[in-house]
Amino acid sequence: MTSNSSALSFFHRNEFLIRRLHSLSGLVPVGAYMCVHLITNASLLAGASVFQNNVFTIHSIPFLPLVEWAFIFGPILFHAAVGVWIAQTGKSNVQQYRYTHNRRYSWQRMTGYIAIIFIFTHVFHLHGWFHMDWWLKSVAEPLGMAQFRPYNAASSLADAMNDFGGIVWPIFYLVGVLACTFHLANGIWTAGITWGLWLTPKSQNRASVFCAIFGVFIGAAGIASLVAVKTTDSKAAKVIEDEMYKVRVEGHMVKPDDHKRTDGHQHKEERKPEPVAAP
Ligand code: HEM
């Protein structure tokens, strides 16, 4: 037996369990993370200092890279890989659960593919995927990626979003956020079928209304985040952030860490070649 066919037979033998884990991972931790993430980002509407406070709290979590891989990246990769497998094998629950909303089922697949491309690119763009120095300096940053500085949260986010004329990234983010929102809202509905929560037509209709309201709420948080980023004055935000950092370091609330600050990195302008002096 080839390794490919044994992997396939492993999937077929454990299909029930894998599908349940796929459904669960989409809700918790991935879906729950997305809600908290978009609401945290929307807090930028209340100002750079509020957003910075929230990012300080997130970055005070001990062993953050380990937490990110165990509870965010790992589950996202698992959910995406199994999702592609389900979509490719085409074995939907249509017959089994009399799931007649075919259009919603195709949108679920399509938005799943968009979400994979969006999340992969978005994490590379802002976070960089890995924190190793050689990776950041030799690969991510020269490509214009890994742009977010947690101790200059709003200003670095606004600068990152304004690259390429300030329109390319916001459009990419808008499409990505809306795709992720649909995928999660409709995914909650399909998960309710998987777990036997709504099986009668009446309860399924009620669940549809609930999921639609939820989707509008989360989508609004995503759009609010983008509006907040686009209306942030990055220079003014940096002054506030640097002051907050100074106060926290002096009060021993934050350990000094230049890697998490804009000033600890080479500025984009500094990377450009020096202009030749006029004779
Ligand atoms: C309004 C749109 C969004 C904005 C402005 C935004 C902003 C950010 C920022 C600033 C980071 C870096 C955090 C850090 O390194 O501390 C980040 C990371 C991340 N984002 Fe988003 N995000 C958006 C939408 C989304 C959506 C829809 C998802 C879907 C699940 C998502 C998933 C992630 C993941 C998985 C990470 C890496 C986790 C981590 O940093 O620990 N983002 N995002």
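Residues numbered from 1 in each chain as written. Predicted model: local features only at pLDDT ≥ 70, side-chain atom pairs only at ≥ 80, totals over all residues.

## A word on the overall build of the chain
Turning to step 1, where the next piece is worked out: A count of helical and extended segments in the chain gives 12 helices and zero strands.
Turning to step 2, where the next piece is worked out: Start at the N end of the chain and walk to the C end: the helices and strands fall as α-α-α-α-α-α-α-α-α-α-α-α.
Turning to step 3, where the next piece is worked out: Relative to its 279 residues, the chain shows a buried fraction of 24%.
Turning to step 4, where the next piece is worked out: By sequence separation, contacts in the chain at least 24 residues apart represent 74% of the contacts at least 6 residues apart. (Helix = DSSP H or I, 4+ residues; strand = E, 2+ residues; numbered from the N terminus. Buried ≥ 20, exposed ≤ 12 C-beta atoms within 10 Å, placed from the backbone. Contact = placed C-beta atoms within 7 Å.)

## A look at the site of the ligand
Turning to step 1, where the next piece is worked out: Of all residues adjacent to the ligand, which total 21 residues, the nearest are Met34, Glu68, His127, Cys180 and Ser225.
Turning to step 2, where the next piece is worked out: Only α2 (15-42), α4 (64-89), α6 (102-127), α9 (168-194) and α10 (201-230) provide two or more residues apiece to the shell around the ligand.
Turning to step 3, where the next piece is worked out: Here the element with the most residues in the shell around the ligand is α6; it accounts for five residues.
Turning to step 4, where the next piece is worked out: For the shell around the ligand, the residue count by class is 14 nonpolar, six polar and one charged. (Near = placed C-beta within 6 Å. Nonpolar A, V, L, I, M, F, W, Y, C, P; charged D, E, K, R; others polar.)

## Focus: helix α3 (residues 48-58)
Turning to step 1, where the next piece is worked out: All of the buried residues along α3 are Ala48, Phe51, Gln52 and Val55. What you see down the axis of α3 is that its buried residues fit within an arc of 100 degrees, all on one side. Relative to its buried face, α3 has exposed residues pointing more than 90 degrees away, namely Val50 and Thr57.
Turning to step 2, where the next piece is worked out: Tucked into the core, α3 has its buried residues touching α8 (153-161) and α11 (234-250). (Arc of directions from axis to C-beta.)

## A look at the nonpolar core
Turning to step 1, where the next piece is worked out: Among the nonpolar cores identified, the biggest contains 31 residues, and Leu44, Phe51, Ala154, Leu157, Ala158, Cys180 and Val229 are the most heavily contacted of them.
Turning to step 2, where the next piece is worked out: Of all the secondary-structure elements, those providing two or more residues to this core are α2, α3, α6, α8, α9 and α10.
Turning to step 3, where the next piece is worked out: For this core, the element with the highest residue contribution is α9, accounting for nine residues.
Turning to step 4, where the next piece is worked out: In this structure Ala154 touches Leu44, Ala48, Phe51, Gln52, Thr232, Ala237 and Glu241, once residues within four positions along its chain are discounted. (Core = buried A, V, L, I, M, F, W, Y, C linked by C-beta atoms within 7 Å.)

## Considerations on the confidence of the model for the chain
Turning to step 1, where the next piece is worked out: Confidence in the prediction for the chain averages 91 pLDDT; 89% of positions are at 70 or higher.
Turning to step 2, where the next piece is worked out: Of the regions scoring below 50 in pLDDT, residues 269-279 engages in one contact with residues more than four places distant in sequence or in other chains. (pLDDT = per-residue confidence, 0-100.)

## Regarding the packing of α9 against α10
Packed helix pairs are characterised by how far apart their axes lie and by the angle those axes make with each other.
Turning to step 1, where the next piece is worked out: Two numbers describe how α9 lies on α10: the axes approach to 9 Å, and their chain directions differ by 160 degrees. By the angle between their directions, the pair α9 and α10 is classed as roughly antiparallel. As for how α9 packs across α10, the hand of that crossing is right-handed.
Turning to step 2, where the next piece is worked out: For the contact of α9 with α10, the per-class residue count stands at 16 nonpolar, seven polar and one charged. (Axes fitted to C-alpha atoms, helices over the stretch in contact; angles between N-to-C directions. Parallel < 35°, antiparallel > 145°, perpendicular 65-115°, else oblique. Left-handed = near helix turned anticlockwise from the far one by under 90°.)

## Looking at unusual backbone geometry
Turning to step 1, where the next piece is worked out: With an omega of 5 degrees, the peptide bond between Val28 and Pro29 qualifies as cis.
Turning to step 2, where the next piece is worked out: Of note in the backbone geometry, Trp129 takes a positive phi value of approximately 75 degrees without being a glycine.
Turning to step 3, where the next piece is worked out: If you trace the backbone, Trp129 turns up in the loop between α6 and α7 (133-140).
Turning to step 4, where the next piece is worked out: Take Trp129: there are 16 C-beta atoms within 10 Å of it, and that puts it in the partly exposed class.
Turning to step 5, where the next piece is worked out: Phi angles above zero are rare outside glycine, and Ala146 is one such case at about 55 degrees.
Turning to step 6, where the next piece is worked out: Here Ala146 lies in the loop between α7 and α8.

## Some words on the environment of Lys137
Turning to step 1, where the next piece is worked out: For Lys137, the location among the structural elements is in helix α7.
Turning to step 2, where the next piece is worked out: Considered as a pair, Lys137 and His265 are 128 residues apart in the sequence and their alpha carbons are 9.7 Å apart.

## Examining the environment of Phe120
Turning to step 1, where the next piece is worked out: Looking at the element boundaries, Phe120 is found in helix α6.
Turning to step 2, where the next piece is worked out: Looking at Phe120, the number of C-beta atoms within 10 Å reads 14, which means it is partly exposed.
Turning to step 3, where the next piece is worked out: In sequence terms Phe120 and Leu77 are 43 residues apart; their C-alpha atoms lie 9.7 Å from each other.

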